[in-house]
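Overview (structure and organization)
Now for the letters of each chain:
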Amino acid sequence: GAGVSQSPSNKVTEKGKDVELRCDPISGHTALYWYRQSLGQGLEFLIYFQGNSAPDKSGLPSDRFSAERTGGSVSTLTIQRTQQEDSAVYLCASSPRSGGLAHEQYFGPGTRLTVT
Amino acid sequence: RKEVEQDPGPFNVPEGATVAFNCTYSNSASQSFFWYRQDCRKEPKLLMSVYSSGNEDGRFTAQLNRASQYISLLIRDSKLSDSATYLCVVFHGSSNTGKLIFGQGTTLQVKP
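None of the values given here were measured: they were computed from a predicted structure.

When its secondary structure is counted, chain B shows 0 helices and 11 strands. Counted from the first residue to the last, chain B has its helices and strands arranged as β-β-β-β-β-β-β-β-β-β-β. Relative to a compact globule of 112 residues, whose C-alpha radius of gyration would be 13 Å, chain B shows 14 Å and is just as compact. With the C-alpha coordinates of chain B rotated into their principal frame, the extents come out at 45 × 30 × 25 Å. Across the 112 residues in chain B, those meeting the buried criterion constitute 46%. Sequence separation of 24 or more characterises 57% of the internal contacts of chain B that already satisfy a separation of 6 or more. Accessible surface for chain B amounts to roughly 5,400 Å². Of this, 48% is attributable to carbon and sulfur atoms.

Following this line, the structure appears as structure tokens:
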């Protein structure tokens with residue numbers, strides 16, 4: 001079946017512009033996660049959606065970052081007034097289970113964001 | 001201090017060698033443990049879960065020591081295709097929410 005998809009695959013933007021990154025999770029997966037990975041670094045948790053519960057936004061680095069998940073499916077990560085330090089690969093993952101079993105995450109291919 | 005710490009390597013080994021990676025975690029409340037694999041410029045993929053009793057999947061053996069907050073991955077008879085970055089991952093949270101915390105990864109290069 002179809003895996004997690006993300007778009008665009010690459011995005012180059014000028015400093016100060018807003019960007020939107022999209023994630024389509026695997027159909028039926030209730031949990032959706034956003035991470036970012038800077039060059040040579042590990043994955044940094046950003047935000048987590050689980051069903052209709054309030055999202056866990058504890059990883060968002062600043063108020064320029066926000067995310068929505070509409071209808072329990074597609075998610076959009078928005079970065080306002082982009083800065084050069086926002087350059088990274090933004091990865092989305094979904095999971096078929098919740099809470100303590102939400103470990104088997106399936107990742108999308110990521111969006112490589114470059115802020116010039 | 002990072003919540004999950006790994007030696008970034010790289011580990012350069014010949015084909016057929018046995019190699020071991022270690023990982024430590026700081027949160028004693030962590031509930032579940034995993035190894036993910038990430039190929040260059042690709043997304044991470046779940047390699048295996050790690051259980052207290054230790055578990056094996058083919059050439060791969062994972063061990064967990066909760067008392068020492070230490071996780072290991074052993075790869076026997078290394079193949080060229082094992083070259084990748086291995087991410088140590090821990091999970092902690094409530095029944096309603098939880099998240100995976102990823103280590104920085106250990107890079108393995110298997111040489112012919």
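Having seen it, we continue.
All names here are of chain B. Using the criterion set out here, one finds 11 aromatic pairs over all chains in the structure. Ring geometry for Phe11 against Phe21: centres 5.3 Å apart, planes inclined by 85°, an arrangement best described as edge-to-face. With Phe11 in strand β2 (residues 11-14) and Phe21 in strand β3 (residues 19-25), this residue pair connects regions lying 10 residues apart in the sequence. Residue class for Phe11 comes out partly exposed when judged on its relative accessible area of 23%. Look at Phe21 and Tyr86: their rings are 5.4 Å apart centre to centre, the planes differ by 35°, and that puts the pair in the tilted class. A residue pair is termed long-range when its members are at least 10 positions apart, and Phe21 in strand β3 and Tyr86 in strand β9 (residues 84-93) qualify at 65 residues.

As a further point, take the environment of Lys11 of chain A. Within the secondary structure, Lys11 of chain A is located in strand β2 (residues 10-13). Considering only alpha carbons, one finds Lys11 of chain A and Pro96 of chain A, 85 residues apart in sequence, at a separation of 29 Å.

Residues and elements named next belong to chain B. Spatial ordering of the open sheet is given by β1-β3-β8-β7-β6, a layout of 5 strands whose pairing is antiparallel. With one partner strand each, in any of the chains shown, β1 (4-6) and β6 (55-57) form the two edges of the open sheet. With strand direction ignored, the average angle separating the axes of adjacent strands in the sheet is 20°. Bridge count for β3 against strand β8 (residues 70-75) is 6 bridges, and the pairing is antiparallel. Directly across from Thr24, in β8, lies its bridge partner Tyr70.

Let us now look at the pairing of strand β5 (residues 43-50) of chain A. Residues and elements named next belong to chain A. With 7 of its 8 residues buried, β5 lies for the most part within the structure. Here strand β4 (residues 31-37) pairs with β5 via 7 bridges, running antiparallel. Of the residues in β5, the one forming a bridge with Tyr35 is Phe45. Between β4 and β5, which follow one another and run antiparallel, lie 5 residues, and Gly40 among them has a positive phi close to 75°.

Attention shifts here to the pattern of salt bridges. Residue and element names in this part refer to chain B. In the structure shown here, the tally under the stated rule is 7 salt bridges over all chains. We note a salt bridge from Asp39 to Arg37, for which the minimum N-O separation is 2.8 Å. What makes Asp39 partly exposed here is its relative accessible area of 30%. A salt bridge links Arg59 to Asp82; its shortest N-O distance comes to 2.8 Å.

The rules behind these values
- Residues numbered from 1 in each chain as written.
- Chains lettered and ligands numbered in written order.
- Predicted model: local features only at pLDDT ≥ 70, side-chain atom pairs only at ≥ 80, totals over all residues.
- Heavy atoms only, no water.
- Helix = DSSP H or I, 4+ residues; strand = E, 2+ residues; numbered from the N terminus.
- Rg over C-alpha atoms; globule rule 2.2 N^0.38 Å.
- Buried < 20%, exposed > 50% of the residue type's maximum accessible area, 1.4 Å probe, protein only.
- Contact = heavy atoms within 4.5 Å.
- Areas by Shrake-Rupley, 256 points an atom, 1.4 Å probe, with all protein chains shown as cover.
- Phe/Tyr/Trp six-rings, centres within 6.5 Å; stacked < 30°, edge-to-face > 60°.
- Pairing = 2+ DSSP bridges.
- Axes fitted to C-alpha atoms, helices over the stretch in contact; angles between N-to-C directions.
- Salt bridge = Lys/Arg side-chain N within 4 Å of Asp/Glu carboxyl O.

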